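What the coordinates show
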Amino acid sequence: TSLSTVYFYGYDGQRYTFPNEKTFSSWFTDFSSVETLSDSALADIDLAGNAVVRPGTYWIKITSDSKTYAVSTDGSIRWVEDEATAVDFAGSNWASGIIDVPDAFFVDYTTGSSLMSADAFDGMLYMDGGDYYLSLDSEKRLVSSAGMTANNYQSMFFLDGSGIDDSALTAGDDITAEVSALTDPSQLGGEVTESG
């Protein structure tokens, strides 16, 4: 009740801090599911870490680094090496999807291999022929309208660049309902685990 911070109550029974509103909005469309706890009830829940920007949503950068990164799965980030690659991924308006992450929270991410071409990467959300897709585990998975709603996906995050190459992906199952691993800001895969 005395804090404005929003946390995710994880499947492990611990809490994960959303460092800012943009990180929260990459996972949720609004604050309607947020509950207020007393200070003592909140203190009884162990603090496990920070939530990171959801894979496939905003691209990120920090003020002390001019590089732009795409967020992949498990908090992995991938440097988009040049503007041509960025345009291939997201079109000429590619820079509008970049947000700043405070330097103090950049350590919550791990650096993966850089992106030198617009090849589909793990966790990427993109459009193809008017349909919405998720690239996950080397599969191209169609996200239906029901799947969009159930997994809190927002159409504004789906890349629509004309240079996206998903030819290395195989067809996977359509996403038509909630997939807990996709809606888990703690990045635990949506699995209930023991804490402490």
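We now turn to the structure provided with this report. All figures in this text were calculated on a predicted structure; none of them were measured in a lab. (Residues numbered from 1 in each chain as written. Predicted model: local features only at pLDDT ≥ 70, side-chain atom pairs only at ≥ 80, totals over all residues. Heavy atoms only, no water.)

As a further point, take the pattern of salt bridges. If charged atoms from side chains of opposite charge come close, those side chains can pair. The final tally for this structure, using the stated rule, is 3 salt bridges. The closest approach of N and O atoms between Lys140 and Asp128, which form a salt bridge, is 2.7 Å. Of this pair, Lys140 sits in strand β11 (residues 139–142) while Asp128 is found in strand β9 (residues 125–128), placing the two residues 12 residues apart along the sequence. When its relative accessible area of 35% is taken as the criterion, Asp128 is described as partly exposed. For Asp166, the salt bridge goes to Lys140, with nearest N and O atoms at 3.0 Å. Residue Asp166 is located in the loop between α4 (145–150) and β12 (170–171), and its partner Lys140 is located in strand β11; the two are separated by 26 residues in the primary sequence. Comparing Asp166 with Lys140 shows no difference in burial state: the two are buried. (Salt bridge = Lys/Arg side-chain N within 4 Å of Asp/Glu carboxyl O. Helix = DSSP H or I, 4+ residues; strand = E, 2+ residues; numbered from the N terminus. Buried < 20%, exposed > 50% of the residue type's maximum accessible area, 1.4 Å probe, protein only.)

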